[in-house]
Amino acid sequence: MPAFTSLDRRPATAARALQLTGIRLDHRGGDGRPFRVLDLAGLAIPAGARVGLRGASGSGKTSLLHLVAGLIRPDAGSVSWGDMVVSDLSIGARDRWRQATLGFVFQDFHLIPELDVAANITLPLTFSHWRIGPAEHERAAMLAARMGLTDLRRKAGVLSRGEQQRVAIARAVLLQPALILADEPTASLDAAHAAEVGALLVEVATETGATLICASHDTALLARMDRRVELAAVPVVPVESAA
Ligand SMILES: Nc1ncnc2c1ncn2[C@@H]1O[C@H](COP(=O)(O)OP(=O)(O)OP(=O)(O)O)[C@@H](O)[C@H]1O
């Protein structure tokens, strides 16, 4: 029997059109009362597009990425990926969809400090219980090198924030996801590294035809995108009077 590895076995998923319709999202304040964070009539992102999300701090960029990733559900409206209404899926189905489709660069990286660079980059395979074979090690090493990470044996806990950010990006693109969501992926990098990482994100997305959505304040990164979406701050009022 052939020894399939995860890169062989991963279901081939192509990018689909992403459609957000009638989105309202409320979070709860310190007093437990909900307040409106997002109020978006609609947002249509064609398959394979590169979109920059910008807006003042607190305007809801991270919340919007988490909605698209199915990590949270909207209080009203829907998020669709092609024919699939991701926001209607059960938690388990959303987990499976995310595993098959998505690479996420979290704002706070979500690395495991005790694990080294290589193990952090291949972490999605560990979670999927897939065998980490030579093809995976090779791709992890190639991505690390493209990120300028030369020592794969260093523990994530001792890396600088900029190095951690680059590990998080390599991990997000390891499985060639059809949808790459990146939350301020250059925030901890100097201008030169930010430019390299921005170019690489676009390159990887282009190579695989992935849709790329980056939330960022970095004007150079935003300029690399096909399109920029400005999130206007929703007036902070309790939802009872926000309708
Ligand atoms: N889980 C949560 N519970 C309660 N409030 C939240 C939660 N997540 C975010 N918020 C609030 O929602 C608003 C939008 O936050 P969000 O992180 O989405 O904004 P952002 O545009 O990404 O900000 P920044 O540019 O500073 O990262 C903020 O007022 C934030 O405090």
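Higher on the page you've got the structure.
First things first, this report covers the structure right here in the doc.

Parameters at a glance
Residues numbered from 1 in each chain as written. Predicted model: local features only at pLDDT ≥ 70, side-chain atom pairs only at ≥ 80, totals over all residues. Heavy atoms only, no water. Near = heavy atom within 4 Å. Polar contact = N/O pair within 3.5 Å; in protein donor to acceptor, adjacent residues only side chain to side chain. Areas by Shrake-Rupley, 256 points an atom, 1.4 Å probe, with all protein chains shown as cover. Helix = DSSP H or I, 4+ residues; strand = E, 2+ residues; numbered from the N terminus. Buried < 20%, exposed > 50% of the residue type's maximum accessible area, 1.4 Å probe, protein only. Pairing = 2+ DSSP bridges. Contact = heavy atoms within 4.5 Å. Axes fitted to C-alpha atoms, helices over the stretch in contact; angles between N-to-C directions. Parallel < 35°, antiparallel > 145°, perpendicular 65-115°, else oblique. Nonpolar A, V, L, I, M, F, W, Y, C, P; charged D, E, K, R; others polar. Phe/Tyr/Trp six-rings, centres within 6.5 Å; stacked < 30°, edge-to-face > 60°. Salt bridge = Lys/Arg side-chain N within 4 Å of Asp/Glu carboxyl O.

Quick look at the site of the ligand
Here is step 1: Near the ligand there are 14 residues, and of these S57, G58, K61, T62 and S63 occur at the shortest range.
Here is step 2: Interatomic distance of 2.6 Å between a side-chain N/O atom of S63 and an oxygen atom of the ligand.
Here is step 3: Out of a free accessible area of 640 Å², the ligand has 61% covered by protein chains.
Here is step 4: Elements supplying a minimum of two residues to the shell around the ligand: β1 (18–28) and α2 (61–68).

Some words on the environment of A232
Here is step 1: One can find A232 in the segment after β9 (227–230).
Here is step 2: Among the residues examined, A232 registers a relative accessible area of 59% and is labelled exposed.
Here is step 3: Counting along the chain gives 192 residues from A232 to L40, while the straight-line C-alpha distance between them is 9.5 Å.

Side note on the sheet that holds strand β5 (residues 84–85)
Here is step 1: The antiparallel open sheet is built from four strands, whose spatial order is β2-β1-β4-β5. One side of each edge strand has no neighbouring strand; the edge strands of this open sheet are β2 (34–45) and β5.
Here is step 2: The sheet contact formed by β1 and strand β4 (residues 76–81) spans five bridges and is antiparallel. Along β4, the bridge assignment pairs T21 with S78.
Here is step 3: Lying over the sheet, α2 contacts β1, β2 and β4, oriented at roughly 125 degrees with respect to β1.

With respect to the sheet that holds strand β3 (residues 50–54)
Here is step 1: Reading across the sheet, the five strands line up as β6-β7-β8-β3-β9 and stay open at both edges, with parallel pairing between neighbours. Of all strands in the sheet, those bounded by a partner on one side alone are β6 (102–105) and β9. In this sheet, neighbouring strand axes are inclined to one another by 15 degrees on average, regardless of whether the strands run parallel or antiparallel.
Here is step 2: Pairing of β3 with β9, which is carried by four bridges, proceeds in the parallel orientation. By the bridge assignment, R54 is partnered in β9 with E230.
Here is step 3: Contacts from helix α3 (residues 91–101) reach β6 and β7 (179–183) within the one sheet, and its direction differs from that of β6 by about 85 degrees.
Here is step 4: Sheet strands in contact with helix α7 (residues 161–173) are β6 and β7, and its direction is about 175 degrees off that of β6.

With respect to the packing of α7 against helix α8 (residues 191–208)
Here is step 1: At a closest axis distance of 11 Å, the pairing of α7 and α8 adopts a crossing angle of 5 degrees. In this view, α7 runs roughly parallel relative to α8, as classed from their interaxial angle. Listed contacts from α8 to R166, I169 and V173 of α7 are H193, V197, L201 and V204.
Here is step 2: Its residues assigned to classes, the contact of α7 with α8 shows five nonpolar, one polar and one charged.

Overview of the pairing of β4
Here is step 1: Judged from the two bridges that link them, β4 and β5 form a sheet pairing that is antiparallel. Looking at β5, one finds that W81 is bridged to M84.
Here is step 2: Here β4 folds back onto β5 in antiparallel fashion, the turn holding two residues, of which G82 has a positive phi close to 60 degrees.

Let's talk about the packing of aromatic side chains
Here is step 1: Counted under the stated rule, the structure contains two aromatic pairs.
Here is step 2: Centroid distance W81 to W97: 6.3 Å. Interplanar angle 75 degrees. Geometry classified as edge-to-face. Remark: W97 occurs in helix α3 and W81 occurs in strand β4; sequence separation between them is 16 residues. The pair W81 / W97 is uniform in exposure class, with both members buried.
Here is step 3: Ring plane angle 15 degrees and centroid distance 4.3 Å describe the contact between F104 and F106, whose orientation is recorded as stacked.

Observations regarding the pattern of salt bridges
Here is step 1: This structure, assessed with the given rule, holds seven salt bridges.
Here is step 2: For D26, the salt bridge goes to R36, with nearest N and O atoms at 2.8 Å. Here the residue D26 occupies a position in strand β1, and R36 occupies one in strand β2, the gap between them amounting to 10 residues.
Here is step 3: Exposure remark for R36: the relative accessible area of 8% places this residue in the buried category.
Here is step 4: A salt bridge links R146 to E207; the shortest N-O distance between them is 3.1 Å. Here E207 lies in helix α8 and R146 lies in helix α6 (residues 134–146), a separation of 61 residues in the sequence.
Here is step 5: Three or more residues are tied together by salt bridges with common partners; here these are R146, E203 and E207.

All quantities given are derived from atomic positions and should not be read as evidence of function.
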